[in-house]
Structures are given as C-alpha cells and as structure tokens.
Amino acid sequence: MSYKHILVAVDLSDDSERLLKKADALAFALGAQLSLVHIDVNYAELYTGLIDINLVESRNRVIEEAQQKLNQLTSDAQSTVTHTLVSSGDLAEEITESIQNMGIDLVVVGHHQDFWSSLLSSTKQLLNKTPVDLLMVPIRD
C-alpha cells in the first residue's frame, strides 16, 4: 500500500522532532505529502471564572507560538509539507476532521510508554475513531 498524504500529530515537545523525522523519511520514500497538526487544550472550556484573564489574547498568542514552532519543525523536512495546522479541542475529533478535509490516508502519532500514559492515553481514542491507517511510534522516557 502506498500512502499519498501523511498527517503527523505533534505535541511540540522535544519528542516532536524525532516523530517528524520518522514520518518525513516515510513520506519522502513514498513520495507522499506531509502535514502536521498540533491540537491544543481549549482554554475557554476550562475557564472557571475565578481568574481574570483575556482568553482571546491568550489563545491568539498560544496559536501564534505553536504555528512558529511547527514552521521551525518543518524547515528541514525532505518531503513536501502541505499544511501546518494548530487547532484546539478533542484530539480524536480534530484529527478525524483533518483526515476528511485534507485527504489524509495515514496518521502518525507518538505514544509515551510511561505510567501516566497508561492511565490517560489519548491514543485509545484515536484507535477507536481514526478512519485511516494509524502509525503509532513508541516514545520511551
């Protein structure tokens, strides 16, 4: 099977570079397009009213910083990077929407193999909702 458009979900940690290099090598070997997505927490949903902050300004700043980091990550890519997206909300829903909107046929995600990830893993959600192939790259801490 040959993939044509690969989506890499990154969390913008130091591990994102390793994950992107692996996905980029695969995309380059297959002649596939490569896109990146970063799904951030939706701060407006977490707002309890106990603190006085301007959520719109904070949200815009977070989006700008994340977009800059995505651009830095892709600067050395061998493959054609077609999209770098910053979104917020539920990881599985946002990735599923990206799959439908961009014609993605492979999603690459990292999975930490530690205690907390065994309890709070978002990977299980992806396994249950992702309508295309999913490549899970183990990230050992």
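Structure shown above.
Residues numbered from 1 in each chain as written. Predicted model: local features only at pLDDT ≥ 70, side-chain atom pairs only at ≥ 80, totals over all residues. Heavy atoms only, no water.

(A) Quick peek at the pairing of strand β1 (residues 5-9). With five of five residues buried, β1 lies mostly within the body of the structure. In β1, alternate side chains face the same way, and those of H5, L7 and A9 on one face and I6 and V8 on the other are all buried. Bridging between β1 and strand β2 (residues 33-40) involves five bridges; their strand directions are parallel. By the bridge assignment, I6 is partnered in β2 with L34. As for the winding sense of the linkage, the β-α-β connection from β1 through helix α1 (residues 15-30) to β2 is right-handed. (Buried < 20%, exposed > 50% of the residue type's maximum accessible area, 1.4 Å probe, protein only. Helix = DSSP H or I, 4+ residues; strand = E, 2+ residues; numbered from the N terminus. Pairing = 2+ DSSP bridges. Right-handed = clockwise from strand over helix to strand, strands pointing away.)

(B) Up close: the environment of V86. Locating V86 in the fold gives a position in strand β3 (residues 81-88). The spatial distance from the C-alpha of V86 to the C-alpha of L36 is 8.6 Å, given a sequence separation of 50 residues. Residues in contact with V86, not counting those within four places in the same chain, are H38, I63, A66, Q67 and L70. (Contact = heavy atoms within 4.5 Å.)

(C) Quick look at α1. For α1, built from 16 residues, the straight-helix expectation of 22 Å at 1.5 Å per residue is met to within 8% by its first-to-last C-alpha distance of 23 Å. Among the residues of α1, those classed as buried are D15, S16, L19, L20, A23, D24 and A27. Each buried residue of α1 sits inside an arc of 160° when the element is viewed along its axis, so together they form one side. In α1, the exposed positions angled more than 90 degrees off the buried face are occupied by K21 and A29. (Expected span 1.5 Å × (residues − 1). Arc of directions from axis to C-beta.)

(D) Representation of the pattern of salt bridges within the structure. Taken as a whole and judged by the stated rule, the model has three salt bridges. Residues D15 and R18 are paired through a salt bridge, measuring 2.7 Å at the closest nitrogen-oxygen approach. Of this pair, D15 and R18 both sit in helix α1, three residues apart, which is roughly one turn of the helix. The buried category is assigned to D15, whose relative accessible area is 18%. For E93, the salt bridge is made with K129, and the minimal N-O distance between the two is 3.6 Å. Separated by 36 residues along the polypeptide, E93 in helix α4 (residues 91-102) and K129 in helix α6 (residues 123-129) bring together distant segments of the chain. Of the residues examined, E93 reaches a relative accessible area of 46% and is grouped as partly exposed. (Salt bridge = Lys/Arg side-chain N within 4 Å of Asp/Glu carboxyl O.)

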